[in-house]
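Observations on the three-dimensional arrangement
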Protein chains: 2
Amino acid sequence: MKISELEKRTGINAHTLRYYEKSGLLKASMRSVNNYRIYSEDDLITALFIKRCKECGFSLAQTAALLAIKHDKSLHVCAEAKSITESKLQEISQQIEQLQQMEGTLTELQAYCCGGQESAEFCTIISTLEAGK
Amino acid sequence: MKISELEKRTGINAHTLRYYEKSGLLKASMRSVNNYRIYSEDDLITALFIKRCKECGFSLAQTAALLAIKHDKSLHVCAEAKSITESKLQEISQQIEQLQQMEGTLTELQAYCCGGQESAEFCTIISTLEAGK
DNA sequence: GTTGACCTTAGATGTAGCTCTAAGGTTTAT
DNA sequence: ATAAACCTTAGAGCTACATCTAAGGTCAAC
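A brief look at the structure comes next. These numbers were taken from a predicted model, which means no experiment stands behind them.

1. Examining the protein's contact with DNA strand C
- Around DNA strand C, the surrounding shell holds 17 residues, and the nearest of these are Tyr20(A), Asn34(A), Lys54(A), Ser4(B) and Arg37(B).
- Sugar and phosphate atoms represent 74% of those atoms of DNA strand C found within 4 Å of the protein.
- Contact between DNA strand C and His15(A): a base nitrogen at 3.5 Å from a side-chain N or O atom of the residue.
- For DNA strand C, a phosphate oxygen lies 2.6 Å from a polar atom in the side chain of Arg37(B).
- Looking at the surface near DNA strand C residue by residue, the classes come out as six nonpolar, six polar and five charged.

Below is the structure:
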């Protein structure tokens, strides 16, 4: 299939597919006579693999590492895959924690603000941000 | 005080302080004879305000909006401040949700992988990413 | 009087992951 | 045969927020 069909079947933008190729993630397995990219069913699977990696939050570098394992399973061990997911999991937990911290602060900031048409002179959001904790 | 002292007292890099000025967030209230930025105590308060906004996750644009309220409270109303925090809160909740979704997927992905020195041939992480849900 | 620590500006660089443009070649349908 | 819809490349642009560089001016201490 040509790039636009792969785009349709994966939902990945053709520009992005070319970008993935440049990044070493997904190379079309053939080129037509006139140099068009021709993707195989295997390429489609790889493209969907990449898409799922993205949904899990993996960076392109991590995705590349996972793809390397996928492409040559016998040369790799479970520990490699697991260490990638573990580090991603840790990263995500940290991000969640940070966001929850912000969420807490913001909720508190909100709590006493009337949110109405009163002058901001006594707005607790502003005064709290001014005063700090 | 000069820029390096403000840097010390706020923990905000001098480069960043200049960047904030260019972005319209924090202008030194004076310049010395030789064109050095001279910051007042009020400027220090503003710098700390910006820092706290950052800790809450506000973008520079949102911070600028909050600063505008702070600088001229009588011209603004609580509703403005509250709408900014509300939209930020919403954004953060969404991000948390997304991350938790990823966290769940990753945890599931991990669950059945031995993580050992076995060949990745039967690694559940890889095969799950291949198969999709 | 010179060394080192400060300050200034404009503008380049970095991150991550796309997304788009320009300029051109190919294919398909009518 | 011509218009629309495809394809190619190199490289620019985008976002958000800094961070750094180059080239130069100023100041205080020894």
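Structure shown, so let's carry the discussion forward.
2. Things to note about the relation of the copies chain A and chain B
- Overlay of chain A on chain B (RMSD 0.1 Å): rotation 180°, translation along the axis 0.0 Å. Here the transformation between the copies is reduced to the relation of a two-fold axis. For chain A, the minimum C-alpha distance to the rotation axis belongs to Ile96(A) and amounts to 2.9 Å.
- An overlap of 98% is found between the interface residues of chain A and their copies at the interface of chain B, pointing to a shared contact surface.

The rules behind each value
- Residues numbered from 1 in each chain as written.
- Chains lettered and ligands numbered in written order.
- Predicted model: local features only at pLDDT ≥ 70, side-chain atom pairs only at ≥ 80, totals over all residues.
- Heavy atoms only, no water.
- Near = heavy atom within 4 Å.
- Polar contact = N/O pair within 3.5 Å; in protein donor to acceptor, adjacent residues only side chain to side chain.
- Nonpolar A, V, L, I, M, F, W, Y, C, P; charged D, E, K, R; others polar.
- Least-squares fit on C-alpha atoms with pLDDT ≥ 70 in both.
- Contact = heavy atoms within 4.5 Å.

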